[in-house]
Amino acid sequence: MEPHNPTTKSICPCLFFGIFLIFTFLVSFTNAEIHYHEFVIEAVPVKRLCRTHSTVTVNGQFPGPTLQVRDGDTLIIKAINRASYNVTLHWHGVRQLRNPWADGPEYVTQCPIQPGMSYTYQFTIQNQEGTLWWHAHSRWLRATVYGALIIYPKLGSPYPFPTPKREIPILLGEWWDRNPMDVLKLATFTGAPPNISDAYTINGQPGDLYRCSKKGVQLCNHSRAWYEFYQILAYITPDTCLNLNAETVIFPVDSGETILLRIINSAMNQELFFAVANHKLTVVGVDASYTKRFTTNVIMIAPGQTTNVLLTADQPPARYYMAAHAYNTANAPFDNTTTTAILAYKSAPCCAKKGKSAAPIFPKLPGFNDTSTATAFTAKIKSPSRVNVPTRIDENLFFTVGLGLINCTNPNSPRCQGPNGTRFAASMNNVSFVLPRRNSLMQAYYQGQPGVFTTDFPSVPPVQFDYTGNVSRGLWQPVKGTKLYKLKFGSKVQIVMQDTSIVSVEDHPMHLHGYQFYVVGSGFGNFNPARDTANFNLIDPPQRNTIGTPPGGWVAIRFVADNPGVWLMHCHIDAHLGWGLAMAFLVENGVGKLQTVQPPPLNLPRC
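Model, not experiment: these values are computed from the prediction.

Chemist: How should empty space enclosed by the protein be read in this particular structure?
Modeler: Where empty space is left can be seen by rolling a probe of water-molecule size over the atoms. A full pass over the atoms with the stated rule returns two cavities of 30 Å³ or more. Estimated volume of the largest cavity: approximately 40 Å³. The wall of the largest cavity is formed by Glu129, Gly130, Thr131, Gly285, Val286, Asp287, Ala288, Ser289, Tyr290, Thr306 and Asn308. At the level of secondary structure, the elements contributing two or more residues to the lining of the largest cavity comprise β7 (130-136), β16 (281-286), β17 (289-296) and β19 (306-312). Residue composition of the lining of the largest cavity, grouped by class: three nonpolar, six polar and two charged.

Here you go:
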């Protein structure tokens, strides 16, 4: 018999626990995958609204390919530019820790990929799950160059909600019946707002309510041969009505099944209301962050945002429209059309009368200017549990965001077609952001190249005024500049973004690259720190990467500046971005390798 050894017995549990932790880490590491993709960016013929246009796409697809990865996976994507325009790609919402070189906004973290050239983006997903997306970040190529980026949990980690039977990406977009780059070119020349879109789209298709969309053929009781052929395209069953019109997307469902809709607003310039007729939507996530579950009839989603909802097919078997139309907050023209897709129960009776299928049931959408519904929806979004919100603030910033007008020396000339012979502009803290051209901001910073930018972006407006009242016309003209705001690594940051009534109040969806932030408060009117700060939600605020400023109001966000590099912050209404509604943060390196920007890749494009 061996002697009793108390020391050995006390060490063994610790030893086994340590081995278990190492094994768990190794399993997690070995489960991570590397995904290789080649994105060929080129113009191909695309037909919508009865007309064919030479449209810039990725791999000939519109929308582009859906990327599916797990948390911890690495993406290596070679972008080959065969289009006639400079291009970059942005992986919207990906943290890109220490790796701004893969972020993608042109002249911010890289020079664009010139026609005939290529660039390989490489980045790792770290502690993110949910729905994000990717898109061109060079002028208006984003109108057609975009796709979904789905991040599943690590193997063995379930969703924090009932597992759906199926998942469907829903990409909401805008379509111009002309080349979007020509639309931008005309607006840039005249200084007037760009022409509004001709249609909205769901997964690239406008739906039944637009011209040409009713020309499809309805087949009922079609033969098995037809079924086998079209099942590949639409996942139909032999007893399902088949709409052969290619401009309406159909999603067949089984009665009783629960589906996860991953909804992405890929539209260029418009916030949207979205609903499914007679079906409740249970919100479970936004911007690759989980949320407390709540049920709603309609969602409001801004350009750049994503929303995950569960839908249960619990209605009488029939065909139901999904639909989206504008939520418009500015005193300006907008596309007031409605895009549709069809949720089709497979068990629905095929033909109603005389061999014709029954018309789909239409949802009730809010009015175009229904701010109360939009505000109530956004207010319900919260984190699932208590979160670690920064409470001791190192950088307390106050940014006005809104439109402006540039006065012309020759009013009403061809280049001054804005209000009263001016040119439209936009700004943050009265600075209308100008992108450099001879180098990107990140490359200039890393290389120590002077003269490309300054670091004197103001922390508060240069002039205080009644931001949402009757603003003096002397304050309508911003100053152009390429100004960054410098942050020390690890600093706790609060930004209050205040909409202004200059030209028009508007809900500006503000996107911060390289970060997720907590939305701790919002309201209407002018922000009052003495009154409003006390009402901040510091318990379970939602975590997002894009948030709107209420029209004629303010929103407050907080984050820790723990990702070094140059990171753009801008309105995701692309017309406003082109007018200068942007700024950038320069987050300094911290201490050691893990707090320092990694070196740039060797094939980084040159200007």
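Chemist: Sorry if this is basic, but what is going on with the pairing of β19 here?
Modeler: Side-chain positions along a regular strand alternate between the two faces of the sheet. By the criterion of burial, β19 is predominantly enclosed, with six of the seven residues buried. As defined by bridge partners, strand β14 (residues 258-265) adjoins β19 across seven bridges and the pair is classed as antiparallel. The partner of threonine 258 across the bridge, within β19, is threonine 312. Examined bridge by bridge, β16 and β19 share four bridges and lie antiparallel to one another. When the bridges of β19 are listed, threonine 282 appears paired with leucine 310.

Chemist: Would you take a moment to explain the state of the cysteines for this structure?
Modeler: Think of a disulfide as a covalent bridge from one cysteine sulfur atom to another cysteine sulfur atom. Taken as a whole and assessed by the stated rule, the structure comprises three disulfides. Disulfide pairing is shown between cysteine 50 and cysteine 212; the S-S distance is 1.4 Å. Between cysteine 50 and cysteine 212 the disulfide shows an S-S torsion of about -135 degrees. By sign, it is left-handed. In this pair, cysteine 50 sits in the loop between β1 (34-48) and β2 (51-58) while cysteine 212 sits in the loop between β10 (199-202) and β11 (218-219), placing the two residues 162 residues apart along the sequence. By relative accessible area, which is 35% here, cysteine 50 ends up partly exposed. Across a sulfur-sulfur distance of 2.0 Å, cysteine 408 and cysteine 416 are joined as a disulfide pair.

Chemist: Before we go on, may I ask you to explain unusual backbone geometry in this structure?
Modeler: If a residue is not glycine, its phi is most likely negative; likewise, a peptide bond is most likely trans. Here the amide bond leading from phenylalanine 62 into proline 63 is cis, since omega sits at -10 degrees, within 30 degrees of zero. Along the chain, proline 63 turns up in the loop between β2 and β3 (67-70). The phi dihedral of cysteine 50 falls on the positive side, at around 70 degrees, and the residue is not glycine. Non-glycine residue asparagine 420 carries a positive phi angle of around 55 degrees.

Chemist: So what exactly am I meant to see when it comes to the packing of aromatic side chains here?
Modeler: Each aromatic ring pair is described using two quantities: the centre-to-centre distance and the angle formed by the ring planes. Under the defined criterion, the tally for this structure stands at 30 aromatic pairs. On the numbers, 4.8 Å between centres and 15 degrees between planes, the contact of phenylalanine 424 with tryptophan 579 is stacked. Of the two residues, phenylalanine 424 sits in strand β23 (residues 423-428) while tryptophan 579 sits in helix α7 (residues 574-579), which places them 155 residues apart along the sequence. Pair check on accessibility: phenylalanine 424 and tryptophan 579 agree, each one buried. Measuring from centroid to centroid gives 6.3 Å for phenylalanine 536 and tryptophan 554, while their planes differ by 45 degrees, and the two rings are tilted.

Chemist: What should I look at first to understand helix α2 (residues 180-190) in this one?
Modeler: Since one α-helical turn is 3.6 residues long, residues separated by three or four positions face the same way. Turning to α2, its buried residues number three or more, namely Pro180, Met181, Val183, Leu184, Ala187 and Thr190. Packing partners of the buried residues in α2 comprise β23. Here α2 starts with a cap whose side-chain oxygen sits 2.9 Å from the backbone nitrogen of methionine 181, and that cap is asparagine 179. A positive backbone phi angle near 80 degrees is found at glycine 191, which sits one or two residues after α2.

Chemist: Would you explain the environment of threonine 312 in this entry?
Modeler: Here threonine 312 shows up in strand β19. The sequence separation of threonine 312 and threonine 258 amounts to 54 residues, and the corresponding C-alpha distance is 4.2 Å. In this structure, threonine 312 is in contact with Gly256, Glu257, Thr258 and His279, ignoring residues within four places of it in sequence. Reaching out from threonine 312, the side chain makes a polar contact with the side chain of threonine 258 at a distance of 3.0 Å.

Chemist: Looking at this model, I keep getting lost on the sheet that holds strand β26 (residues 484-487). Mind explaining?
Modeler: Adjacent strands of a sheet form backbone hydrogen bonds with each other and so pair up, either parallel or antiparallel. The strand order across the open sheet formed by five strands is β26-β34-β33-β28-β31, and the pairing between neighbours is mixed. Here the strands that pair on one side only, and so sit at the sheet edges, are β26 and β31 (546-549). For this sheet, the mean inter-axis angle between neighbouring strands, taken without regard to orientation, is 25 degrees. As defined by bridge partners, β26 adjoins strand β34 (residues 582-587) across four bridges and the pair is classed as parallel.

Chemist: Just to check I follow, could you spell out the side chain of asparagine 81 for this structure?
Modeler: Relative to the elements of secondary structure, asparagine 81 occurs in strand β4 (residues 74-81). The class for asparagine 81 is buried, based on a relative accessible area of 1%.

Chemist: When you look at the pairing of β7 in this model, what are you seeing that I'm missing?
Modeler: Of all seven residues that make up β7, seven are buried, and the element is covered over most of its length. Inspection of the sheet shows strand β5 (residues 89-92) paired to β7 by four bridges, in the antiparallel sense. Residue leucine 89 lies in a different strand from β7, and its bridge partner there is alanine 136. Bridge count for β7 against strand β8 (residues 146-152) is six bridges, and the pairing is antiparallel. By the bridge assignment for β8, tryptophan 133 is matched with alanine 148.

Calculation notes
Residues numbered from 1 in each chain as written. Predicted model: local features only at pLDDT ≥ 70, side-chain atom pairs only at ≥ 80, totals over all residues. Heavy atoms only, no water. 1 Å grid on protein atoms, 1.4 Å probe; cavity = no way out; pocket = protein on both sides within 12 Å on 5 of 7 lines; lining within 4 Å. Points joined across faces, edges and corners; volume = space filled by probe spheres on them. Helix = DSSP H or I, 4+ residues; strand = E, 2+ residues; numbered from the N terminus. Nonpolar A, V, L, I, M, F, W, Y, C, P; charged D, E, K, R; others polar. Buried < 20%, exposed > 50% of the residue type's maximum accessible area, 1.4 Å probe, protein only. Pairing = 2+ DSSP bridges. Disulfide = S-S within 2.5 Å. Phe/Tyr/Trp six-rings, centres within 6.5 Å; stacked < 30°, edge-to-face > 60°. Contact = heavy atoms within 4.5 Å. Polar contact = N/O pair within 3.5 Å; in protein donor to acceptor, adjacent residues only side chain to side chain. Axes fitted to C-alpha atoms, helices over the stretch in contact; angles between N-to-C directions.

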